[in-house]
Amino acid sequence: MAGGGFAVDAPANGFDGKITISVVITCIVAASSGLIFGYDVGVSGGVTTMVPFLMKFFPAILRKAAGSEVNMYCVYDSQVLTLFTSSLYLAGLVSSLAASRVTTALGRRNTIILGGTIFFAGGAINGGSENIAMLILGRILLGLGVGFTNQAAPLYLSEIAPPKWRGAFNTGFQFFLGVGVVAASCINYGTAKHTWGWRLSLGLAVVPAAIMTIGAFLITDTPSSLVERGNIDQARKALHKVRGSNTDIEPELEELIRLSEIAKSVKEEPFKTIFERQYRPHLVMALAIPFFQQLTGINIVAFYSPNLFQSVGLGHRGALLSAIILGIVNLGSILVSTAFVDRFGRRVLFITGGILMLVCMVSVSAVLASVTGVHGTKAISKGNAVLVLVLLCFYTAGFGWSWGPLSWLIPSEIFPLKIRTTGQSIAVGVQFIILFVLSQTFLAMLCHFKFAAFLFYAVWIAVMTIFIIFFLPETKGIPLDSMYTIWGKHWYWRRFVKGEVHSDI
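From a predicted model like this one, the values you see are computed outputs, not experimental measurements. (Residues numbered from 1 in each chain as written. Predicted model: local features only at pLDDT ≥ 70, side-chain atom pairs only at ≥ 80, totals over all residues. Heavy atoms only, no water.)

Each helix and strand in the protein was counted, giving 24 helices and zero strands. Taking as baseline every contact in the protein between residues at least 6 positions apart, the subset at least 24 positions apart corresponds to 82%. Of the roughly 17,900 Å² of accessible surface on the protein, 69% is carried by carbon and sulfur atoms. (Helix = DSSP H or I, 4+ residues; strand = E, 2+ residues; numbered from the N terminus. Contact = heavy atoms within 4.5 Å. Areas by Shrake-Rupley, 256 points an atom, 1.4 Å probe, with all protein chains shown as cover.)

Dropping the structure here:
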């Protein structure tokens, strides 16, 4: 079983796992939840380089940039400015911790709808902001919305996709996240010259929120979630819809009911259960995978690439265009992951992506050190600025086929049903904690560490790649209810699960 070599229409559990038009459409709609997170990641950095936005909210930064002797690493070092970005992730942390119970009680689909509605309100407030307090309030609402959708959507995709193609379907979330980044970057580029451009960029966040929320109303919840909440007839209809009307879905439905009843008979608190010895491997992955994803430095590059490229000499328009280029490269590499994740497996993509990112981060640091000087006061030529952009494109490509989509996939597929929403909440919560800390400190770190900031991330990329090599078992093609088998065969994790009675409950 650990090899994962199951036929498309005959997975290990004996249930029909063929791809239907309905399951494709349903997964596309659920994956579109990534739009709102991606749009926010893409829009934030661009808006913070717009002169009208800075004049209204952060005039001190403009005065610093106009100084006679400017350290290129320190122009945008402002704790209030970084709070504009990082407040979203603090709010996302709060909602992700609550999302476990919400997702269990309301279901995956309804949680997506809730998140989209809250995000819509935050986008509207941001677009109409008149002071920093309104900006931060809008960002908090955006964060609450993202926290719910980031928790529910990957779970939805893993539960509804056929086992053999679960990896490919789950990468759809990261793909739409990438689409959101590119769309936001393009809008920033088009609106940057106008005094009201920042309002349009921030306010248009309501569009992906509306698309995602309306789409969620048109799809059914996952059969697992419906059974978990006692809606057996709806679960039967949902199974018929996604598996095909000619498919005998009763055996699969009976198995879902059995697993749900066993899970409910266990009266333990999920947040206590997940700390039991037999779930040690699952918990470590829920903590380590999102932790490491953020320490690749990718979101820092995405948030602040316009600031970075403007600082290193590409100019304002060139900086925004560079962000678009990085976004397009990311989208293309996510498609690489979609094509190969269920063929070559998760580990190969993780390792190759990690090696490429490591080389690029070290190279970026070396280029910046050699051309800007130790103190970052030497001017950088356009040619060297373009070289930095090219290196970050390769870095982004490595991330796009590895730590980007797979960091959402692994936590959503490894947990048994009784702690699945809890495990996903922990994974999303860890991600938001690290995002908050890094986004709040990056510009200060860039100012003080200068080119060595990129070496900081390079060290972490080396550590996480070694972690994957030694500690992550391969999960491709294995049905969710058989996932427990991988831990008992792993050289290290089997010591924690040995002798335990396993079933995916």
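Looking now at a positive patch on the surface. Judged by side-chain charge, Arg277, Arg280, Arg494 and Arg495 come together as a positively charged surface patch. Here Arg494 is to be found in helix H24 (residues 494-497). Judged by its relative accessible area of 43%, Arg494 falls in the partly exposed class. (Patch = residues over 30% accessible without salt bridge, like charges linked within 9 Å, V, L, I, M, F, W, Y side chains within 5 Å. Salt bridge = Lys/Arg side-chain N within 4 Å of Asp/Glu carboxyl O. Lys, Arg positive; Asp, Glu negative; His and termini not counted. Charge placed at Lys NZ, Arg CZ, Asp CG, Glu CD. Buried < 20%, exposed > 50% of the residue type's maximum accessible area, 1.4 Å probe, protein only.)

With that settled, consider the pattern of salt bridges. Summed over all chains, the structure comprises 13 salt bridges. The salt bridge partner of Asp40 is Arg139, with a shortest N-O separation of 2.4 Å. Separated by 99 residues along the polypeptide, Asp40 in helix H2 (residues 34-47) and Arg139 in helix H7 (residues 132-160) bring together distant segments of the chain. Taking the shortest distance from any N to any O, the salt bridge between Glu159 and Arg420 comes out at 3.2 Å. Taken together, the residues span a long stretch of sequence, with Glu159 in helix H7 and Arg420 in helix H21 (residues 420-449) at a distance of 261 residues. Across the pair, Arg420 and Glu159 agree in class, each one buried.

Examined against the element boundaries, Glu474 turns out to sit in the loop between helix H22 (452-471) and helix H23 (485-488). For Glu474, which is buried and forms no salt bridge, the nearest opposite charge comes from Arg346, at a distance of 4.3 Å.

This part is about the packing of aromatic side chains. What the rule picks out here adds up to 26 aromatic pairs. What links up through ring pairs into an aromatic cluster is the set Phe291, Phe292, Phe350, Trp403, Trp460, Phe467, Phe471, Trp487, Trp491, Tyr492, Trp493 and Phe496. One Lys or Arg, Lys56, reaches over the ring of Phe57 and ends 5.8 Å from the middle of that ring. Above the ring of Trp165, the side-chain terminus of Lys164 is found at 5.6 Å from the ring centroid. (Phe/Tyr/Trp six-rings, centres within 6.5 Å; stacked < 30°, edge-to-face > 60°. Lys NZ or Arg CZ within 6 Å of the ring centre and 35° of its normal.)

Interaxial distance between helix H8 (residues 166-191) and helix H20 (residues 403-414) falls to 8 Å at its minimum, and their mutual angle equals 130°. Looking at the two axes, H8 sits oblique to H20. Where H8 crosses over H20, the two elements pack in a sense that is right-handed. Between H8 and H20, the residues in contact are Arg166, Gly167, Asn170, Thr171, Phe173, Gln174 and Leu177 and Gly404, Pro405, Trp408, Leu409, Ser412 and Glu413, respectively. Tallied by class, residues from the contact of H8 with H20 come to five nonpolar, six polar and two charged. (Axes fitted to C-alpha atoms, helices over the stretch in contact; angles between N-to-C directions. Parallel < 35°, antiparallel > 145°, perpendicular 65-115°, else oblique. Left-handed = near helix turned anticlockwise from the far one by under 90°. Nonpolar A, V, L, I, M, F, W, Y, C, P; charged D, E, K, R; others polar.)

Take a nonpolar patch on the surface next. Taken together, Ile466, Ile469, Phe470 and Trp491 make up a surface patch of nonpolar side chains, about 400 Å² in accessible area. Note on placement: Phe470 falls in helix H22. On the basis of relative accessibility, which here comes to 44%, the residue Phe470 falls in the partly exposed class.

Before going further, it helps to spend a moment on the nonpolar core. Met285, Met361, Tyr395 and Trp403 are the most contacted members of the largest nonpolar core, which totals 63 residues. A per-element tally of this core places helix H18 (residues 346-372) first, with nine residues. Among residues more than four places away in sequence, those in contact with Met285 are Pro290, Ile414, Phe467, Phe471, Leu472, Trp487 and Trp493. One finds Leu88, Ile112, Leu157 and Phe169 within the second-largest nonpolar core, a separate group that totals 55 residues. (Core = buried A, V, L, I, M, F, W, Y, C linked by side-chain atoms within 4.5 Å.)

A separate point is the confidence of the model for the protein. On average, the protein scores 83 in pLDDT, and the residues at 70 or more come to 86%. Overall, residues 1-14 carries pLDDT values under 50, and its contacts beyond four positions in sequence, including any with other chains, amount to 33 contacts. (pLDDT = per-residue confidence, 0-100.)

In a regular helix each residue adds 1.5 Å, so 26 residues correspond to 38 Å; H8 covers 39 Å between its end C-alpha atoms and thus fits that length. Burial within H8 is extensive, with 19 of its 26 residues counted as buried. (Expected span 1.5 Å × (residues − 1).)

Contact pair helix H15 (residues 280-294) / H22: the axes reach a minimum separation of 9 Å and the direction vectors enclose 150°. In this view, H15 runs roughly antiparallel relative to H22, as classed from their interaxial angle. Considering the relative orientation of H15 and H22, their crossing is left-handed. Across the interface between the two elements, Val284, Met285, Ala288, Ile289, Phe291, Phe292 and Gln294 from H15 touch Tyr457, Trp460, Val463, Met464, Phe467, Ile468 and Phe471 from H22. Here the contact of H15 with H22 is composed, by residue class, of 13 nonpolar, one polar and no charged.

What follows is about the environment of Ile478. Looking at where Ile478 falls in the secondary structure, it is placed in the loop between H22 and H23. Sequence separation between Ile478 and Ile414 is 64 residues, and the spatial gap between their C-alpha atoms is 9.8 Å.

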